[in-house]
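Fold and contact review
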Amino acid sequence: MTARTLPLDDRLQRYLAAHGARETAEQRELRRVTQRMPRSSMQIGAEQGALMQALVRVTGARRCLEIGTFTGYSALAVALALPRDGRIVCCDMSEEWTSIARRYWKQAGVAGKIDLRIAPALETLDALLKRGKAGKFDFAFIDADKANYANYYERCLKLVRRGGLIAADNTLWGGSVVDPLNKTVDARAIRAFNRKLLRDRRVDIALVPVGDGMTLAFRR
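Only a predicted model underlies this, so the values are computations on that prediction, with no experimental measurement involved.

**Here's the deal with helix 2 (residues 25-35)**
- Listed in full, the buried residues belonging to helix 2 are Gln 27, Leu 30, Val 33 and Thr 34. In a view along the axis of helix 2, the buried residues occupy a sector of 130°, so they form one face of it.
- The elements touched by buried residues of helix 2 are helix 3 (46-58), helix 4 (73-81) and helix 5 (95-108).

Spelled out as structure tokens, the structure:
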């Protein structure tokens, strides 16, 4: 036994994939379709989707935000966990990628829960704030361009209620957060974001080593 997080070799990763989530047929098919795409690594894994569903259920979330939708797996996972009258606002810039998302949302019977906004996410978030939606959301998932993570986070912190949850993906960035030789814009942005959250007393945090790292920030 150890207090350290286990390293996942290929066998253990396969075991985790086989035992760590119960996917619907639509989720499995959407993952298969996305894995054939050039940028398939942008899709979250099944176990991360299952964790997000558990978080949505345990927090009693009804109103959710997503920044960065890609082909729609994470939004599908969240929508499946929401109650019948639950809603998720999704922000993305790509009609091409989200056209795939729309197809599988419809097949899964959750399209009515998802409000997709094709526009720069900061514009969508600022518009929600102007419409008086501060404190009206229960859960937010950030998984878009890394250079804007801090900006997305600050907007979400206003939009999410006290006791609500913000989840930020890719906060280990392939392990490059501990590689001082990696000075790419994205790696530097993630390091800065992680430092920001560590110091931010407006939230309680937990960096979970699932997928590429996911930081949970509970608004105090």
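**Remarks on the nonpolar core**
- Core analysis: the largest hydrophobic core is formed by 35 residues, its most contacted members being Val 78, Ile 88, Trp 105 and Phe 139.
- The dominant element in this core, judged by the number of residues it contributes, is helix 4, at 6 residues.
- Dropping the residues within four chain positions of it, Phe 139 is found in contact with Met 52, Val 56, Ala 61, Arg 63, Cys 64, Leu 65, Val 78, Val 160, Leu 165 and Ala 167.
- Membership of the second largest hydrophobic core comes to 25 residues, among which are Ala 144, Leu 157, Leu 197 and Val 203.

**Considering unusual backbone geometry**
- One non-glycine residue with positive phi stands out, namely Phe 70, at about 55°.
- For Phe 70, a relative accessible area of 6% gives the class buried.
- Here the phi dihedral of Trp 173 falls at roughly 45°; this positive angle occurs in a residue that is not glycine.
- By the secondary structure assignment, Trp 173 is in the loop between strand 5 (160-169) and helix 8 (185-199).
- The class of Trp 173 is partly exposed, set by a relative accessible area of 23%.

Each value, and the rule that gives it
Residues numbered from 1 in each chain as written. Predicted model: local features only at pLDDT ≥ 70, side-chain atom pairs only at ≥ 80, totals over all residues. Heavy atoms only, no water. Buried < 20%, exposed > 50% of the residue type's maximum accessible area, 1.4 Å probe, protein only. Helix = DSSP H or I, 4+ residues; strand = E, 2+ residues; numbered from the N terminus. Arc of directions from axis to C-beta. Contact = heavy atoms within 4.5 Å. Core = buried A, V, L, I, M, F, W, Y, C linked by side-chain atoms within 4.5 Å.

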